[in-house]
Amino acid sequence: MDNALPAAPAPAAVDLAFTVNGNPARVAVDPRESLLDVLRERLDLTGTKKGCDHGQCGACTVHVDGRRVVSCLTAAVQVNGRAVTTIEGVEGPDGELHPLQQAFIDHDALQCGYCTPGQVMSGLACMAEGHTRDDAEIREYMSGNLCRCGAYVGIVAAIRETARRTGH
């Protein structure tokens, strides 16, 4: 006797319309899909990294309406009608590096580079939120982003310098 349950039907696709890095995006998604998977697999924005897929490492950090989120735990349907910014969207109008990206290079704030996009996105949010009074505060507000290579000293220095230079 077969006691297997029949497979549940796939949920109906949901049509999303939102902006990504200032450009309109339309995509039909499974309502269970994460924003991370939609960005990487549907929109080919692979700068956002899949690290732990559990919201614990910060490699997938993006901004939604200017606020940082871990995209692996954000349902794609939550961004309908909203603005998403990924690491690909922080460069200048002529393709020049954002000052924080340049500071990461200048301060050796990266080694393997895997966590760097998430670190930069969180660093930008840290500055925008006004959490750069001192190194301890920067470390506290960056604590959701892990770097397996241990480039934390450079990361904090890059954020501190950029905040000072840009008045954040």
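These notes cover the structure that comes with them. Values in this document were obtained by computation on a predicted structure and should not be read as measured data. (Residues numbered from 1 in each chain as written. Predicted model: local features only at pLDDT ≥ 70, side-chain atom pairs only at ≥ 80, totals over all residues. Heavy atoms only, no water.)

1. Thoughts on the overall build of the protein chain
Now for step 1: Counting its secondary structure elements, the protein chain contains five helices and five strands.
Now for step 2: If one aligns the C-alpha atoms of the protein chain with their principal axes, the spans along those axes are about 65 × 40 × 25 Å.
Now for step 3: For the protein chain, the proportion of its 168 residues judged to be buried stands at 41%.
Now for step 4: Taking the intrachain contacts of the protein chain between residues at least 6 apart in sequence as the baseline, contacts between residues at least 24 apart amount to 54%. (Helix = DSSP H or I, 4+ residues; strand = E, 2+ residues; numbered from the N terminus. Buried < 20%, exposed > 50% of the residue type's maximum accessible area, 1.4 Å probe, protein only. Contact = heavy atoms within 4.5 Å.)

2. Remarks on the sheet that holds strand β1 (residues 14–20)
Now for step 1: A sheet is described by the order of its strands in space; here five strands give the open sequence β2-β1-β5-β3-β4, paired in mixed fashion. A single partner strand is all that each edge strand has here, and the edge strands are β2 (23–29) and β4 (67–70). Taken over all neighbouring pairs, the strand axes of this sheet differ in orientation by 40° on average, direction set aside.
Now for step 2: Pairing of β1 with strand β5 (residues 83–85), which is carried by two bridges, proceeds in the parallel orientation. By the bridge assignment for β5, V20 is matched with V84.
Now for step 3: Running over the sheet, helix α1 (residues 35–42) touches β1, β2, β3 (61–64) and β5 and is turned about 105° from β2.
Now for step 4: Across the sheet, helix α3 (residues 116–128) lies against β3, β4 and β5, angled at about 40° from β3, the strand it touches most. (Pairing = 2+ DSSP bridges. Axes fitted to C-alpha atoms, helices over the stretch in contact; angles between N-to-C directions.)

3. Some words on the nonpolar core
Now for step 1: Formed by 21 residues in total, the largest nonpolar core has its most connected members in L100, F104, L124, I155 and I159.
Now for step 2: Residues contacting L124, with those up to four places away along its chain left out, are H63, V90, H98 and L100. (Core = buried A, V, L, I, M, F, W, Y, C linked by side-chain atoms within 4.5 Å.)

4. Let's talk about the packing of helix α2 (residues 99–106) against helix α5 (residues 152–166)
Now for step 1: In contact at an axis separation of 8 Å, α2 and α5 are set at 135° when each is read in the N-to-C sense. The angle between the axes of α2 and α5 places the two elements in the oblique class. Crossing geometry of α2 relative to α5 is assigned as right-handed. Contact residues: α2 offers P99, L100, A103 and F104, while α5 offers I155, A158, I159 and T162.
Now for step 2: Of the residues contributing to the contact of α2 with α5, the split by class is seven nonpolar, one polar and no charged. (Parallel < 35°, antiparallel > 145°, perpendicular 65-115°, else oblique. Left-handed = near helix turned anticlockwise from the far one by under 90°. Nonpolar A, V, L, I, M, F, W, Y, C, P; charged D, E, K, R; others polar.)

5. Thoughts on the environment of T86
Now for step 1: Relative to the helices and strands, T86 resides in the loop between β5 and α2.
Now for step 2: The sequence separation of T86 and A128 amounts to 42 residues, and the corresponding C-alpha distance is 16 Å.

6. Details of the pairing of β4
Now for step 1: Bridge count between β3 and β4: four bridges; the pairing is antiparallel. Bridge pairing links T61 to V70 in β4.
Now for step 2: Hairpin connection, β3 to β4: the antiparallel pair is bridged by two residues, and D65 has positive phi, about 50°.

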